[in-house]
Amino acid sequence: MKVQCGDMVVYGIHGVCRISDIESRMVDRKEVEYYVLIPQNQPDAKFYVPKHNPLAVAKMRKVMTREELVALLESPEVREDHWIPNEAQRKEKYRELISKADCADLICMLRALHVHRQEQLAAGKKFHQCDENFMKDAERVIRSEVSTVMDISPEDVGTFILSKIN
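Peer 1: Break down the state of the cysteines for me, citing the residues and quoting the values.
Peer 2: Scanning the model with the defined rule gives zero disulfides in all. With no disulfide partner, C5 has as its closest neighbouring cysteine sulfur the one in C17, 14 Å distant. Residue classification places C5 among the partly exposed positions, given a relative accessible area of 42%. For C17, a relative accessible area of 0% puts it in the buried group.

Peer 1: I'd like a rundown of the pairing of strand β4 (residues 47-50), residues and numbers included.
Peer 2: By the alternation rule, side chains of β4 split into F47 and V49, which are all buried, and Y48 and P50, of which none is buried. Here four bridges tie strand β3 (residues 30-39) to β4, and the two strands are oriented antiparallel to one another. Each residue of the ladder has a partner; that of Y35, found in β4, is V49.

Peer 1: Give me the sheet that holds β4: which residues, what numbers.
Peer 2: If you trace the five strands from one edge of the open sheet to the other, you get β4-β3-β2-β1-β5, paired in antiparallel fashion. Two strands lie at the open edges of the sheet, namely β4 and β5 (60-62), each paired on one side alone. Each strand of the sheet is rotated relative to its neighbour by a mean of 45°, with strand direction disregarded. Sheet topology note: the strand β1 (residues 8-11)/strand β2 (residues 16-27) ladder contains three bridges and is antiparallel. The residue of β2 that forms the bridge with M8 is R18. Each of β1, β2 and β5 touches helix α5 (residues 129-150); the most contacted strand, β2, lies at about 120° to it.

Peer 1: How would you sum up the pairing of β1? Please name residues and give values.
Peer 2: With antiparallel pairing between neighbouring strands as the criterion, β1 and β2 make up a hairpin whose turn holds four residues, including G12 at a positive phi of roughly 50°. Bridge count between β1 and β5: three bridges; the pairing is antiparallel. Residue pairing across strands places V9 opposite K62, the latter belonging to β5.

What counts and how
Residues numbered from 1 in each chain as written. Predicted model: local features only at pLDDT ≥ 70, side-chain atom pairs only at ≥ 80, totals over all residues. Heavy atoms only, no water. Disulfide = S-S within 2.5 Å. Buried < 20%, exposed > 50% of the residue type's maximum accessible area, 1.4 Å probe, protein only. Helix = DSSP H or I, 4+ residues; strand = E, 2+ residues; numbered from the N terminus. Pairing = 2+ DSSP bridges. Axes fitted to C-alpha atoms, helices over the stretch in contact; angles between N-to-C directions. Contact = heavy atoms within 4.5 Å.

Structural measurements only, silent on function.
This is the structure in structure tokens:
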């Protein structure tokens, strides 16, 4: 991925960041170049991503365009049933999806959790707290990207996504 100063990227679970600089620092008597990222939701924070570390750079990706996000929300994939009935398997899979921070996977996960919550409530049953926490974590991870792309407030992201995928 080719990026430059001023580009907006998603950096793992930290959300949308602006590349403010490419900075050299001495580490073990070697000069190492870093991308300096400023998180959109924490303008006083900085992340230093080693430019030549493929694992660290792999956590960075360009912010989706409006067209890409709309196409994703309208895709048949997000409307498929992605519910995982086995709780242990679901927890393991959802932890993995949250750590990967892929917007498409997280939207599918959100829809599955939302549909399951509606089914549980309709049946007079409780929605598991761990599933509620996974919903909140998924929303938190994608909130900054969706709010940036669609120019909506971060608080409206969950409602916006659910209105598009139901």
